[in-house]
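Okay, here's what each chain looks like letter by letter:
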Amino acid sequence: MLYAEDLTVGQRFPFRTYPIEQAEIIEFAERFDPLFIHIDPVAAANGPFGGLIASGLHTTAIYQRLIVEAMWRQVAGVAGTRIESRFQRPVRPGMTLTGQAEIAAIALRPEKRNAVVTVRSQITDGTDTVLSVVLDAVIHSRPDHPRP
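Scope of this entry: the structure provided in the associated data block. Being a predicted model, the structure only gives us computed values, none of them experimental.

1. A few points about the packing of aromatic side chains
- Per the counting criterion, the structure on display carries 1 aromatic pair.
- Seen in terms of ring centroids, F28 and F32 are 5.0 Å apart; in terms of plane orientation they differ by 45°. Their pairing is tilted. In this pair, F28 and F32 both sit in helix α1 (residues 22-32), 4 residues apart, roughly one turn of the helix.
- On the basis of relative accessibility, which here comes to 18%, the residue F28 falls in the buried class.
- By relative accessible area, F32 is classed as partly exposed at 47%.

Structure follows, in structure tokens:
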């Protein structure tokens with residue numbers, strides 16, 4: 001397990017690849033975001049994006065899956081306290097998503113035996129960023145870390 005004291009600014013956690021297909025986009029959107037641009041390929045072709053695109057909520061859910069696998073399963077996290085997302089390009093069927101998370105800042109709080117860690121992440125289609133995320137999370141200090 002990695003604790004706050006084990007992390008360093010600039011440390012990276014690469015994401016695996018995640019292929020996204022039309023059926024998954026439609027299934028997610030029918031349940032959570034049933035706009036025509038996410039569920040109807042014919043109507044979406046005549047829409048503002050010129051074809052079917054994944055919901056931003058779906059893209060965010062994929063991000064969450066990838067960062068949990070790459071980082072949060074090995075870091076002693078408590079909870080996120082802030083998240084900022086920016087959708088930069090539409091996610092389309094047939095794309096393969098990947099990316100990474102990077103530790104941007106660490107503010108140790110010895111009195112609370114934790115730290116607020118800022119993590120910057122990008123999801124890409126292999127070339128261009130489709131989603132960027134800045135997250136602040138509370139991370140436990142090492143259990144043997146002394147109190148001030």
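Here the narrative resumes.
2. Description of the pattern of salt bridges
- By the definition in use, this model includes 8 salt bridges.
- Two residues, R142 and D6, come together in a salt bridge whose shortest N-O distance is 2.5 Å. With R142 in the segment after β6 (129-140) and D6 in the segment before β1 (12-14), this pair connects stretches of sequence that are 136 residues apart.
- According to the relative accessible area criterion, R142 is partly exposed, its value standing at 29%.
- The class for D6 is partly exposed, based on a relative accessible area of 26%.
- When salt bridges that share partners are traced, they join R16, R65 and E69 into one network.

3. Remarks on the pairing of β6
- Taken across its 12 residues, β6 has 10 buried, putting it largely inside the fold.
- Looking at chain direction, strand β3 (residues 77-87) and β6 are connected through 9 bridges and run antiparallel. Across the sheet, residue G77 finds its bridge partner in β6, namely I139.
- Summarising the sheet, strand β5 (residues 114-124) and β6 pair through 11 bridges and their orientation is antiparallel. Counterpart to V116 in the pairing with β6 is V138.

About the criteria used
- Residues numbered from 1 in each chain as written.
- Predicted model: local features only at pLDDT ≥ 70, side-chain atom pairs only at ≥ 80, totals over all residues.
- Heavy atoms only, no water.
- Phe/Tyr/Trp six-rings, centres within 6.5 Å; stacked < 30°, edge-to-face > 60°.
- Helix = DSSP H or I, 4+ residues; strand = E, 2+ residues; numbered from the N terminus.
- Buried < 20%, exposed > 50% of the residue type's maximum accessible area, 1.4 Å probe, protein only.
- Salt bridge = Lys/Arg side-chain N within 4 Å of Asp/Glu carboxyl O.
- Pairing = 2+ DSSP bridges.

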